[in-house]
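# Coordinate inspection notes
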Amino acid sequence: MNPSRPLVGASAALPLDHVAASRSYERSSNKRSKSRRFRVPALANGIFGLLVLALLFVFLYGPDKLVETVSPGYMCNQSASEAIKVVRRDAVGLLSFGDFLATRAINLNVPAPLLLSIFKMDTATTRKVGRVTYCTGIVTIGLSPEFEAAAEQAIIDYAKKEAKDEARYKFLAEPTLAAFRKTRGQFPQALKVQYSAQILDNGNWSIQDVSVNPLSTR
């Protein structure tokens, strides 16, 4: 027996082991490569899913929901100028400028922008459901010199229109003016206002469910 033959067999087996190890390494490397390729689409799908959820949220609740999340009370503050126009129609019915004739004369004859100017409203958000914001406001009514002059002129004009002669005019105008001048010291007055506001697709405001009640400041 030639003692060198086993050595030949052993040396022939070495390349086979090397090939197997190489193939095992290639399979492992391929698996890692595939794993990296799978991670990238998964991350992209996750980001895409978040974007879809955000768009769905805006579609369901409107962009105003996002605005209010950034700035609480935004919707009520922005709608206040429109709401006060609606509120005024109810609020003037709660005001008394001395007596019935003075109140009627002022409501009829004082220009609407000037009558509107005596109302100031501070608002706060009560709650928000979808695109509808429920607001509570405190309306303060304070007279200005311009309004007082216009109110007295409105009383005079009303008395002249209703009176048929000078005696009747004095009977109507003098006590009515006196009642108004006495009432001026009772201002400012305050009212509590509640309403719901929704911004429409055309950019206008929809003011609904308005309630106005007296609020004592004393």
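Here's what I pulled together on the structure shown here. Keep in mind it's a predicted model, so treat the numbers as computed, not measured.

## Considering the nonpolar core
Phe97, Ile106, Phe119, Val139 and Phe147 are the most contacted members of the largest nonpolar core, which totals 36 residues. Mapped onto this core, the elements with two or more residues apiece are helix 3 (74-91), helix 4 (100-109), strand 1 (119-129), strand 2 (132-141), helix 6 (145-162), helix 7 (166-183), strand 3 (189-199) and strand 4 (205-215). Per-element tally for this core: the top contributor is helix 3, with seven residues. Residues Ala163, Tyr169, Leu172 and Ala173 belong to the second largest nonpolar core, which totals five residues.

## Here's the deal with the packing of aromatic side chains
Under the criterion given, the structure shown has two aromatic pairs. Plain terms: the ring middles of Phe97 and Phe147 are 5.8 Å apart, the flat faces sit at 45 degrees to each other, and that makes the pair tilted. Within this pair, whereas Phe97 is found in the loop between helix 3 and helix 4, its partner Phe147 is found in helix 6, the two being separated by 50 residues in sequence. No difference in accessibility class separates Phe97 from Phe147, as the two residues are buried. Each ring, one from Phe97 and one from Phe180, has its centre 6.4 Å from the other, and the planes form 50 degrees; the classification is tilted. On the criterion of sequence distance, the pair formed by Phe97 in the loop between helix 3 and helix 4 and Phe180 in helix 7 is long-range, its members being 83 residues apart.

## A closer look at unusual backbone geometry
Of note in the backbone geometry, Asp209 takes a positive phi value of approximately 55 degrees without being a glycine. Here Asp209 is to be found in strand 4.

## So, the state of the cysteines
Evaluation of the coordinates by the stated rule reveals one disulfide. What pairs with Cys76 in a disulfide is Cys135, and their sulfur atoms sit 2.0 Å apart. Between Cys76 and Cys135, the S-S torsion sits near -90 degrees, and that sign places the bridge as left-handed. Of this pair, Cys76 sits in helix 3 while Cys135 is found in strand 2, placing the two residues 59 residues apart along the sequence. Taking relative accessible area as the criterion, Cys76 reaches 0% and is therefore assigned buried.

## Here we look at the side chain of Glu152
Tracing the chain through its elements places Glu152 in helix 6. In contact with Glu152, other than residues within four places in its own chain, are Leu177, Phe180, Arg181 and Arg184.

## Examining the sheet that holds strand 3
Strands sit in the order 1-2-3-4 across an open sheet of four strands; the sheet is antiparallel. Lying at the two open borders of the sheet, with one neighbouring strand each, are strand 1 and strand 4. Taking the axes of each pair of neighbouring strands and ignoring which way they run, one obtains an average angle of 20 degrees across the sheet. With ten bridges joining them, strand 1 and strand 2 adopt antiparallel strand pairing.

## Some points on the environment of Thr103
With respect to the secondary-structure elements, Thr103 resides in helix 4. Separated by ten residues in sequence, Thr103 and Gly93 place their C-alpha atoms 9.0 Å apart. What Thr103 contacts, discounting residues up to four positions off in sequence, is Leu95, Ser96, Phe97 and Gly98. Within the structure, Thr103 has its side chain in polar contact with the backbone oxygen of Asp99 (distance 2.9 Å).

## Looking at the packing of helix 4 against helix 6
Where helix 4 meets helix 6, the axes come as close as 8 Å, and the angle between the chain directions of the two elements is 105 degrees. Here helix 4 lies roughly perpendicular to helix 6, going by the angle between them. Every residue of helix 6 that contacts helix 4 at Leu101, Ala102, Arg104, Ala105, Ile106, Leu108 and Asn109 is listed here: Phe147, Ala151, Ala154, Ile155, Asp157 and Tyr158. Classifying every residue of the contact of helix 4 with helix 6 gives ten nonpolar, one polar and two charged.

Cut-offs and rules
- Residues numbered from 1 in each chain as written.
- Predicted model: local features only at pLDDT ≥ 70, side-chain atom pairs only at ≥ 80, totals over all residues.
- Heavy atoms only, no water.
- Core = buried A, V, L, I, M, F, W, Y, C linked by side-chain atoms within 4.5 Å.
- Buried < 20%, exposed > 50% of the residue type's maximum accessible area, 1.4 Å probe, protein only.
- Helix = DSSP H or I, 4+ residues; strand = E, 2+ residues; numbered from the N terminus.
- Phe/Tyr/Trp six-rings, centres within 6.5 Å; stacked < 30°, edge-to-face > 60°.
- Disulfide = S-S within 2.5 Å.
- Contact = heavy atoms within 4.5 Å.
- Pairing = 2+ DSSP bridges.
- Axes fitted to C-alpha atoms, helices over the stretch in contact; angles between N-to-C directions.
- Polar contact = N/O pair within 3.5 Å; in protein donor to acceptor, adjacent residues only side chain to side chain.
- Parallel < 35°, antiparallel > 145°, perpendicular 65-115°, else oblique.
- Nonpolar A, V, L, I, M, F, W, Y, C, P; charged D, E, K, R; others polar.

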